[in-house]
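Residue-level structural notes
Each chain is listed here by its residues.
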Amino acid sequence: MDLVLIVLRLIHIVSGVLWVGGAFLVFRFVEPAIKDLGPQGEPFMSRVGPRLPPYFITVSGLTVLAGTALFWIDSGGDPIGWITRDATGLAFGIGGIAAWIAFLLGPIAFKPIFEEMEAAAAAMKSAGGPPTQEMVARMEAVQERLARVNVVDLVMLGIAVVTMAIARYL
Ligand code: HEM
């Protein structure tokens, strides 16, 4: 029994499930509902919004770190050799890179988008009355950016899930 591998696999797969399942639920159902609700979505957003980044940073970080450790162990300390010589190694490598890209979208793309969203929402709130056309346009522009990054993120996570699922049997 290899306890290290068992623990790493448990961390990797459980956090991977929580990451991908959570991302799908948020992109597919939560964000569209908040968008449709407009200003009425604010009370929900102010409660749920701040809890999402720590959740996704934790589960995505655990997934990629445990996955990278597993990759290193499985390759016998020669990751490039495993990727170039073996279809299984190549598939885990492609999935691993896709998952790392999805992970890095957090600080590089999602963080500035959420900051801009908060600023746009705060400007609307502080205006008191109904939002001006400029305020609405600002919010719509950031929502469109978010929708585009969501698609890239889901494609990367999809590649990771499919390659991880089949790699062993190639
Ligand atoms: C969305 C992210 C990810 C998900 C959902 C995911 C999912 C999975 C699943 C379900 C397995 C079990 C496959 C099997 O035993 O046949 C697995 C294994 C593995 N994953 Fe990932 N993974 C992700 C990211 C990564 C990353 C970033 C790396 C490396 C950089 C990686 C490297 C590996 C390796 C090497 C294994 C084989 C572990 C072993 O049994 O020795 N994974 N992954």
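Here the structure is shown first, and the text comes after it.
Overview of the structure. (Residues numbered from 1 in each chain as written. Predicted model: local features only at pLDDT ≥ 70, side-chain atom pairs only at ≥ 80, totals over all residues. Heavy atoms only, no water.)

**A word on the side chain of His-12**
Here is the rule: Per the convention used, a helix needs a DSSP run of H or I reaching at least four residues, while a strand needs a run of E reaching at least two, with both numbered from the N terminus. Polar contact is the term for a pair of N or O atoms within 3.5 Å; when the atoms are in protein, one must be able to donate a hydrogen and the other to accept it, and sequence-neighboring residues count only if both atoms are side-chain atoms. Whether two residues are in contact is decided by their heavy atoms: any pair within 4.5 Å suffices.
You can see His-12 is positioned in helix α1 (residues 3-37). A distance of 2.9 Å separates a polar side-chain atom of His-12 from the backbone oxygen of Thr-63. With near-sequence residues (within four places) excluded, His-12 lies in contact with Thr-63, Ala-66, Gly-67, Leu-70 and Met-164.

**Considerations on helix α3 (residues 52-74)**
The cut-off we apply is this: To estimate the expected span of a helix, subtract one from its residue number and multiply by 1.5 Å. Any residue under 20% of the maximum accessible area for its type is buried, any over 50% is exposed, and the rest in between are partly exposed; the area is computed with a 1.4 Å probe on protein chains only.
Along its 23 residues, α3 runs 32 Å from first to last C-alpha, staying within 8% of the 33 Å computed at 1.5 Å per residue. Among the residues of α3, Phe-56, Val-59, Ser-60, Gly-61, Thr-63, Val-64, Ala-66, Gly-67, Leu-70 and Phe-71 are the ones counted as buried. Where α3 is buried, its residues contact α1, α4 (79-85) and α5 (87-126). One or two steps after α3, the chain reaches Gly-76, where phi turns positive at roughly 60°.

**Some words on the packing of aromatic side chains**
Using the following cut-off: Any pair of Phe, Tyr and Trp rings, taking the six-membered ring for Trp, is counted once the centres come within 6.5 Å. Such a pair is stacked with planes under 30 degrees apart, edge-to-face with planes over 60 apart, and tilted for the rest.
Per the stated rule, a full pass over the model turns up 6 aromatic pairs. For the ring pair Phe-110 and Phe-114, a centre distance of 6.0 Å and an interplane angle of 15° mean the geometry is stacked. On the criterion of helical spacing, the pair formed by Phe-110 and Phe-114 is a turn pair, its members being 4 residues apart in helix α5. A residue is classified by how much of its surface remains accessible, and Phe-110, at 10% relative accessible area, is buried.

**Some points on the site of the ligand**
Rules: The rule for a residue being near a molecule or strand is that one of its heavy atoms must lie within 4 Å of it. Gly is put with the polar residues, along with every residue not named as nonpolar or charged; the nonpolar set is Ala, Val, Leu, Ile, Met, Phe, Trp, Tyr, Cys and Pro, and the charged set is Asp, Glu, Lys and Arg.
The environment of the ligand is formed by 20 residues, the closest being Arg-9, His-12, Asp-74, Met-164 and Arg-168. Arg-9 places a polar side-chain atom, nitrogen or oxygen, 2.3 Å from an oxygen atom of the ligand. Here a nitrogen atom of the ligand sits 2.7 Å away from a polar atom, N or O, in the side chain of His-12. Elements supplying a minimum of two residues to the shell around the ligand: α1, α3, α5 and α6 (133-166). Ranked by residue count, the leading element in the shell around the ligand is α3, at 7 residues. For the shell around the ligand, the class distribution of residues is 12 nonpolar, 5 polar and 3 charged.

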